[in-house]
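Now for the letters of each chain:
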Amino acid sequence: MSYPFLAAAAAMVLLSISPASAFAQETVEPSVDVGSEAEAAASVVDAFHAALESGETDVALALMADDAMVFEEGGAERSRTEYASHHLQADAAYAAASESTLARRVGRASGDVAWIMSEGRTFGQAGNSATARSTVETVVLARGSDGWQIRHIHWSSRTAPET
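Thresholds, definitions, all that
Residues numbered from 1 in each chain as written. Predicted model: local features only at pLDDT ≥ 70, side-chain atom pairs only at ≥ 80, totals over all residues. Heavy atoms only, no water. Pairing = 2+ DSSP bridges. Helix = DSSP H or I, 4+ residues; strand = E, 2+ residues; numbered from the N terminus. Buried < 20%, exposed > 50% of the residue type's maximum accessible area, 1.4 Å probe, protein only. Contact = heavy atoms within 4.5 Å. Salt bridge = Lys/Arg side-chain N within 4 Å of Asp/Glu carboxyl O. Phe/Tyr/Trp six-rings, centres within 6.5 Å; stacked < 30°, edge-to-face > 60°. 1 Å grid on protein atoms, 1.4 Å probe; cavity = no way out; pocket = protein on both sides within 12 Å on 5 of 7 lines; lining within 4 Å. Points joined across faces, edges and corners; volume = space filled by probe spheres on them. Nonpolar A, V, L, I, M, F, W, Y, C, P; charged D, E, K, R; others polar. pLDDT = per-residue confidence, 0-100. Lys, Arg positive; Asp, Glu negative; His and termini not counted.

A. Looking closely at the pairing of strand β7 (residues 147–159). As paired strands, strand β2 (residues 64–72) and β7 are joined by five bridges and run parallel to one another. Counterpart to M69 in the pairing with β7 is H152. Bridge count for strand β6 (residues 129–144) against β7 is 12 bridges, and the pairing is antiparallel. Residue pairing for β7: R133 is matched across the bridge by T159. The turn joining β6 and β7, which pair antiparallel and follow one another in sequence, is formed by two residues.

Okay, structure coming up:
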């Protein structure tokens, strides 16, 4: 086969890929390294996300300490009440309208403090366009008499590379 023929064939294959397939989801098992001392704290993080996704914002808020801080999109909400009055509803609506996959998670605890760090991807719809975001999240929790509570969340995302 000649080089021009191979180049033309490769170009045809690339041009035939639809934009929607550019954001195809991978079905790869996540890499999870959560120490046994942090498993209960990681369960609280998962419960928080499940509550947002199902629209149970009161459940999500109950998992947060009164003075929990949320850092998102370069901004800070300095209490559970402030988060509830600003981004909570939008975060719940986005969680319900998108699909998130976990790629990596590391969790550790020392005494009554735990930190859960997660990386993943979120797929959703923005208007008429499919979107894909690479996401990172750090959640710091403190253990009290009622168990683990979220004290701090830091979310960051960017456009995911096309796959």
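Let's pick the thread back up.
B. Local environment of unusual backbone geometry. Of note, the phi angle at E73 is positive, near 55°, even though the residue is not glycine. Examined against the element boundaries, E73 turns out to sit in the loop between β2 and β3 (75–77). Overall, the relative accessible area of 69% leaves E73 in the exposed class.

C. Examining the environment of G35 more closely. Mapping G35 onto the fold places it in the loop between β1 (31–34) and α2 (39–53). Not counting residues up to four positions away in its chain, the partners in contact with G35 are G107 and R108.

D. Region of the structure containing the pattern of salt bridges. Applying the stated criterion across every chain, the model contains six salt bridges. Two residues, D66 and R80, come together in a salt bridge whose shortest N-O distance is 2.1 Å. With D66 in strand β2 and R80 in helix α4 (residues 80–85), this residue pair connects regions lying 14 residues apart in the sequence. Given a relative accessible area of 53%, D66 falls into the exposed group. Exposure remark for R80: the relative accessible area of 23% places this residue in the partly exposed category. For R104, the salt bridge is made with E119, and the minimal N-O distance between the two is 3.2 Å. Residue R104 is found in strand β4 (residues 99–110), and its partner E119 is found in strand β5 (residues 113–126); the two are separated by 15 residues along the sequence. Overall, E119 belongs to the partly exposed group, its relative accessible area being 36%.

E. Summary view of the packing of aromatic side chains. Summed over all chains, the structure comprises two aromatic pairs. Taken together, the aromatic side chains of F48, Y83 and W155 make up a single cluster linked through ring pairs.

F. Main features of the layout of surface pockets. Estimated volume of the largest pocket: approximately 840 Å³. Considering the residues around the largest pocket, the lining is formed by 27 residues, among which H49, S100, T122, T135 and W155 are closest to the centre. The residue inventory of the lining of the largest pocket, partitioned by class, reads seven nonpolar, 10 polar and 10 charged. One number sums up the size of the second largest pocket: a volume of about 460 Å³. Taken together, 21 residues form the lining of the second largest pocket, with A103, R104, E119, G120 and R121 sitting closest to its centre. Secondary-structure elements contributing two or more residues to the lining of the second largest pocket are β4, β5, β6 and β7. Of the residues assigned to the lining of the second largest pocket, the class counts are seven nonpolar, eight polar and six charged.

G. Spotlight on the confidence of the model for the chain. Per-chain confidence: the chain averages 86 in pLDDT, with 82% of residues scoring 70 or above. Counting interchain partners and residues more than four positions distant, the pLDDT-below-50 stretch residues 1–25 has 15 contacts.

H. Seen up close, the side chain of D91. Along the chain, D91 turns up in helix α5 (residues 88–97). No salt bridge is formed by the buried D91. Its closest oppositely charged neighbour is R133, at 12 Å. Discounting residues that sit within four places of it in the chain, D91 has contacts with E72, Y83 and W155.

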